[in-house]
Amino acid sequence: MTAAETSLARTGFEALWAAKHERVRGREPSWLLQARENAWALFAERGFPTRADEDWRSTNVAAIANTAYATPSRSLDAKAVQAACASVAVPGSVRVVLVNGRFEPSASDLGAPQHGLTIESLSAVLASGPETLRGHLASQRSTVNAFSALNAALFEDGLRLRVSGRVAIERPIHVIHVTTGPGAFALHPRLVVEVGNGCELELIESFVGAAGVGTAFTNVVQDVRIDDAATLRHVRIVEDAVTAQHVGMTRAAVAKDGRYASVAITRGGALVRNDLYVTLDAPGASCALDGLYALDGSQHADQHTTIEHAAPHCSSTELYRGIVDGKSRGVFYGRIIVRHGALKTSAEQENNNLVLSNEALVDSTPQLEIFADDVQCRHGSTIGQIDEAQTYYLRSRGIGADEARRS
Amino acid sequence: MSEATKSIEALANREYKHGWSVDFEAESLPPGLNEDTVRFISRKKNEPEWMLEWRLKAFRHWLTMTEPKWQNVAFPPIDYQASSYYSAPKSAADRPKSLDEIDPALLEVYEKLGIPLKEQEALAGIAVDAVMDSVSVATTFRGKLAELGIVFCSISEAMREHGELVRKYLGTVVPYTDNYYAALNSAVFSDGSFVYIPKGVRCPMELSTYFRINASKTGQFERTLIIADDDSYVSYLEGCTAPMRDENQLHAAVVELVAHDRAKIKYSTVQNWYPGDENGKGGIYNFVTKRGKCAGKASHISWTQVETGSSITWKYPSCVLLGDDSVGEFYSVALTAHRMQADTGTKMIHIGKNTKSTIVSKGISAGHGQNTYRGLVKFAKSAENARNYSQCDSLLIGSDCGAHTFPYIENQTSTGRIEHEASTSKIGEDQIFYCQQRGISAEDAVSMIVNGFCKEVFKELPMEFAVEAQKLLGLKLEGAVG
């Protein structure tokens, strides 16, 4: 793609940026404006990635680059949103609903306040005490590619979840991201999650489209900080509408003896790309990344994970499984970096794929980059299909072909 | 651009157009690379017209290309205009006269490897009249091969005597457009080997460049072409375990293999070029394009490599599995010590039905060495029931080295099966302790463990090579464990 074409592809967002810039200038603190300007400059310089970029060799984002997106509609079809939320409801959880990237109190059910837990919309924090967000937003730690830069420049709202005071939050927090409205629109929600020393939290996120939603492009960024001996269980389920485009960047930093356990499930969306970057910053930190992608039709889902072992005595495990059918394409890219001096590291990674049709496609790229010697690292990757002997075994016992395939 | 620079440039261009010409009688070329260099080389080698045309096309294409940057190795930029692209083999007068003139460090290595004295002299490039009768040995072998219809000669000779064969196959596996170094090689390659095994012939001996008379001076741009016709078999050995004296820093060779129906080619390499000193100064850049085409049904290509030298090794011996039921194999041991860097692996491109491939890669990093396995396994849509198994293990010795694994796996079939495994670890202290307890020194223990680690690959090597390769590894790791 030539420079001219790239800049052409950006024009839709240029108008959005100009409007955004106008709106926030003078209203947001200068450091935040500066951060937005820097992020925009980065995006303007790089443009959308092409398949010539190593990180994007399996995923073509031309569909996003060539669409003129509007800002999402503010009018709320309460019934449709209700129905969408009900379809993914998790019993016993605290329900926080974001509609088109904005916190929607009327659809949420925060229940009784829980000791040590604060749930706030990002716009509320920005209005009342933006300084507390400075560490996350000014550092640009999560701005690592064109999409996260776009989010850093354009984000409107989102959530901040904080746990402090050495408590374990009993009820899981269920954040439901609902997209609704006609036409093509883009939203850039942002989540900030801070789990303080010795605390525990379970966070479940669902991404769903309300009935009749147009082409929603969700470009979400999540900053996660896990302090000493804290634990975060993070479940992320992409069940967007079949027309949806979804790009996500989760950046997690884990401190001493902290643990990050992630489960990423992708079922919906036409084009999905999830980046998960975990840094194990201090001894004893660990993470477990699990994932499942089940694709059909012409879906394309790209799972990119990076685990950086930056300190000694850290461990990580990773297991991603994929099932692809129809003409879908599943991509797994898993990178493990062991930094110089990160001795006694243990890292295990596995990716298994099941291909169910002749036209489905799987790319698997597990990578190890190791700069220390006293380590145990291993990765494995398989691509295969349902074993005929197994289906034969089941069918010979009276289980139908379809059912045998499913079981 | 200022007016001054513009006019200087114009002048420079004009001078180039009319002024400079090549003296075709000269024995070597001044540094520099342009179309005249290519013409000079082609003329010097009495090549047919089509060959010159091909070289020129390659050169023109090379000019449009840029150096690749994606590799996981670092080196200062290469000035392609600064080296000379042709020099006739050194006359006896220029060579060292006896072993006394050779670097004692080199001699010590020869000694440790147990290389006979006469062979040492040959390797060090000493002008000896009767180098252990290699000429006569080679001649005897060639006579025997010729009886079977096997062609084994230098590629220049092949171009003159088997022009049609060379023309039919040259560049069909690695086209000159393939990559930067392959294009450069196609334009200026000096010499190399040509092997043709006729239908149904099993080559009775292992072919080795070692037995080819002019093999020691094939130069930095070597080109090898091996064709195995239907139902034939050949095992080819490249290189030598002993360190070679060489003045060229950049080695950009191209190796092409073609296997027809049911033919098998086994290609083994032991590479031990000068790796530079302990601080990484000097040393050879080994940037090689090697690829085999399993063109026929049930054809079989097997690569085995033991890479222990060169300051940078950057190569991916690959197999294109075109014919149904064809098989590709890759066995590799790559060792990086001191400041050596290696980015090596393979590509297995499955196109035919029921094609199979196996990859076994063992990387050993010591000192400040950086070792990268990079590979691609691709099943095209047509590759029904294709099967791949890959295993990449890394062994780390010392806390400053690095081991990296970048496998790419792409599957477009619903019937293919791919398995990939990789592991990275250091030599267990308990293992060394166990050996030491039984009176084995730490160094010997490391050597034993490393050889055990590499066993799967060594067993693919021809017998003599395997023995030498084991000794070589032990030698290279000397001092790696305190």
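What counts as what
Residues numbered from 1 in each chain as written. Chains lettered and ligands numbered in written order. Predicted model: local features only at pLDDT ≥ 70, side-chain atom pairs only at ≥ 80, totals over all residues. Heavy atoms only, no water. Helix = DSSP H or I, 4+ residues; strand = E, 2+ residues; numbered from the N terminus. Rg over C-alpha atoms; globule rule 2.2 N^0.38 Å. Buried < 20%, exposed > 50% of the residue type's maximum accessible area, 1.4 Å probe, protein only. Contact = heavy atoms within 4.5 Å. Areas by Shrake-Rupley, 256 points an atom, 1.4 Å probe, with all protein chains shown as cover. Lys, Arg positive; Asp, Glu negative; His and termini not counted. Charge placed at Lys NZ, Arg CZ, Asp CG, Glu CD. pLDDT = per-residue confidence, 0-100. Buried area = accessible area lost by both parts, 1.4 Å probe. Salt bridge = Lys/Arg side-chain N within 4 Å of Asp/Glu carboxyl O. Polar contact = N/O pair within 3.5 Å; in protein donor to acceptor, adjacent residues only side chain to side chain. Nonpolar A, V, L, I, M, F, W, Y, C, P; charged D, E, K, R; others polar. Pairing = 2+ DSSP bridges. Core = buried A, V, L, I, M, F, W, Y, C linked by side-chain atoms within 4.5 Å. Axes fitted to C-alpha atoms, helices over the stretch in contact; angles between N-to-C directions. Parallel < 35°, antiparallel > 145°, perpendicular 65-115°, else oblique. Left-handed = near helix turned anticlockwise from the far one by under 90°. Expected span 1.5 Å × (residues − 1). Phe/Tyr/Trp six-rings, centres within 6.5 Å; stacked < 30°, edge-to-face > 60°.

J.: Is there a simple way to explain the overall build of chain A in this structure?
T.: The number of helices and strands found in chain A is nine helices and 20 strands. Computed over the C-alpha atoms, the radius of gyration of chain A is 21 Å, within 12% of the 22 Å expected from 2.2 N^0.38 for a compact globule of 407 residues. A principal-axis box enclosing the C-alpha atoms of chain A has dimensions of 70 × 50 × 50 Å. Here chain A holds 407 residues, and the buried ones make up 57% of them. In chain A, of all internal contacts separated by at least 6 residues, the share reaching a separation of at least 24 is 85%. Accessible area of chain A: about 15,900 Å², with a carbon and sulfur share of 51%. Here chain A holds 39 positive side-chain charges and 46 negative ones, and the gap between their average locations is 3 Å.

J.: Hey, could you run me through the environment of Pro 105 of chain A in this one?
T.: Residue placement: Pro 105 of chain A occurs in the loop between strand S2 (102-103) and strand S3 (117-121). In this structure, the C-alpha to C-alpha distance between Pro 105 of chain A and Gly 135 of chain A, residues 30 residues apart in sequence, is 26 Å.

J.: Even after reading the chapter, I still don't get the confidence of the model for chain B, so can you show me in this structure?
T.: The predicted coordinates ought not to be read in detail in places where the model reports low pLDDT. Residues and elements named next belong to chain B. For chain B, mean pLDDT is 78; residues scoring 70 or higher make up 77% of the total. This model gives residues 1-5 a pLDDT under 50, and the stretch forms two contacts once residues within four places in sequence are excluded. The low-confidence segment residues 7-26 (pLDDT under 50) makes 18 contacts with residues lying over four places distant or belonging to another chain. Interface confidence for the predicted complex, given as ipTM, is 0.73, next to a pTM of 0.79.

J.: Honestly, the interface of chain B and chain A in this entry has me stumped. Any pointers?
T.: How big an interface is tends to be expressed through the accessible area that disappears when the partners come together. Taken together, the 33 residues of chain B in the interface contact 36 residues of chain A. Summed over both partners, the interface of chain B with chain A comes to about 2,800 Å²; 44% of that surface belongs to carbon and sulfur atoms. Per-residue buried area on chain B facing chain A is highest for Tyr 408, Ile 409 and Ser 414 of chain B; these three make up 19% of the total on that side. For the interface between chain B and chain A, the tally reads one salt bridge. The closest approach of N and O atoms between Glu 410 of chain B and Arg 57 of chain A, which form a salt bridge, is 3.2 Å. At the junction of chain B and chain A, the tally comes to 19 residue pairs in polar contact (both at pLDDT 80 or more). Elements with a contribution of two residues or more to the side of chain B that touches chain A: strand S18 (387-397), strand S19 (402-411) and strand S20 (417-426) of chain B. Tallied by class, the residues present in the side of chain B that touches chain A amount to 10 nonpolar, 16 polar and seven charged. Across eight bridges, the pairing between strand S20 (residues 375-384) of chain A and S20 of chain B is antiparallel.

J.: Would you mind going over the nonpolar core with me for this structure?
T.: The tendency in soluble globular proteins is for nonpolar side chains to be buried side by side. Counting 96 residues, the largest nonpolar core has Ile 173, Leu 201, Leu 232, Tyr 260 and Val 278 of chain A together with Leu 207 of chain B as its most contacted members. Contact partners of Val 278 of chain A, with chain neighbours within four places excluded, come to Ala 252, Val 254, Tyr 260, Cys 287, Leu 289, Thr 306, Ile 307 and Glu 308 of chain A. One finds Trp 54, Ala 58, Val 174 and Ile 312 of chain B within the second-largest nonpolar core, a separate group that totals 52 residues.

J.: Looking at this structure, I do not really get unusual backbone geometry. What am I missing?
T.: As a rule of thumb, non-glycine residues mostly have phi less than zero, and peptide bonds are mostly trans rather than cis. All names here are of chain A. The residue Arg 166 is not glycine, and still its phi comes out positive at about 50 degrees. Looking at the secondary structure, you find Arg 166 in the loop between strand S4 (158-163) and strand S5 (173-179). Residue classification places Arg 166 among the exposed residues on the basis of a relative accessible area of 61%. The phi dihedral of Asp 257 falls on the positive side, at around 60 degrees, and the residue is not glycine. As for its position among the elements, Asp 257 is in the loop between strand S11 (245-254) and strand S12 (259-266).

J.: What's the story with the packing of helix H2 (residues 35-44) of chain B against helix H3 (residues 49-64) of chain B in this structure? I'm lost.
T.: To characterise two packed helices, one gives the angle between the axes of the helices and the distance between these axes. Residues and elements named next belong to chain B. Taken N-terminus to C-terminus, the directions of H2 and H3 make an angle of 155 degrees; their axes are 10 Å apart at the nearest point. It follows that H2 is roughly antiparallel to H3 by the angle criterion. For the crossing formed where H2 meets H3, the hand is right-handed. Contacts between H2 and H3 involve Glu 35, Val 38, Arg 39, Ile 41 and Ser 42 on the former and, on the latter, Leu 52, Arg 55, Leu 56, Phe 59 and Arg 60. Of the residues assigned to the contact of H2 with H3, the class counts are five nonpolar, one polar and four charged.

J.: Would you mind showing me how to read the pairing of strand S10 (residues 231-239) of chain A here?
T.: Two faces, one strand: in a regular strand the side chains alternate between the faces of the sheet. Residues and elements named next belong to chain A. For S10, a buried count of seven out of nine residues is recorded, marking the element as mostly surrounded by other parts of the structure. Here strand S8 (residues 200-209) pairs with S10 via nine bridges, running parallel. For Leu 203, the partnering residue across the bridge sits in S10 and is His 234. Alignment of S10 against S12, held across eight bridges, turns out to be parallel. Each bridged residue has a counterpart across the sheet, and for Ile 237 the counterpart in S12 is Ile 265.

J.: Would you mind going over the packing of H3 of chain B against helix H9 (residues 180-188) of chain B with me for this structure?
T.: All names here are of chain B. One can describe the packing of H3 onto H9 by two numbers: an axis separation of 7 Å at closest approach and a directional angle of 145 degrees. Seen along the crossing, H3 lies across H9 with a hand that is left-handed. Contact with H3, carried on its side by Trp 54, Arg 55, Ala 58, Phe 59 and Trp 62, involves Tyr 180, Ala 183, Leu 184, Ser 186, Ala 187 and Val 188 of H9 and no other residues of that element.

J.: Can you walk me through helix H2 (residues 30-46) of chain A in this structure?
T.: Residue pairs three or four apart in sequence face the same way in an α-helix, which turns once every 3.6 residues. Residues and elements named next belong to chain A. With 17 residues, H2 extends 24 Å between its outermost C-alpha atoms, agreeing within 8% with the 24 Å of an ideal straight helix rising 1.5 Å per residue. Turning to H2, its buried residues number three or more, namely Trp 31, Leu 32, Leu 33, Ala 35, Arg 36, Ala 39, Trp 40 and Phe 43. Backbone geometry just downstream of H2 places Gly 47 in the positive-phi region, at approximately 70 degrees.

J.: Is there a simple way to think about the packing of aromatic side chains in this case?
T.: Two numbers describe a pair of aromatic rings. These are the distance of the centres and the angle of the planes. Scanning all chains against the criterion turns up 29 aromatic pairs over all chains. Measuring from ring centre to ring centre gives 5.3 Å for Phe 48 of chain A and Phe 147 of chain A, while their planes differ by 50 degrees; the resulting arrangement is tilted. With Phe 48 of chain A in the loop between H2 and helix H3 (62-65) and Phe 147 of chain A in helix H7 (residues 146-154), this residue pair connects regions lying 99 residues apart in the sequence. For Phe 48 of chain A, a relative accessible area of 5% puts it in the buried group. A centroid spacing of 5.1 Å and a plane angle of 55 degrees characterise the contact between Tyr 267 of chain B and Trp 303 of chain B, whose relative ring orientation is tilted. Residue Tyr 267 of chain B is located in strand S8 (residues 264-271), and its partner Trp 303 of chain B is located in strand S10 (residues 300-307); the two are separated by 36 residues in the primary sequence. You can call Trp 303 of chain B buried: its relative accessible area is 1%.

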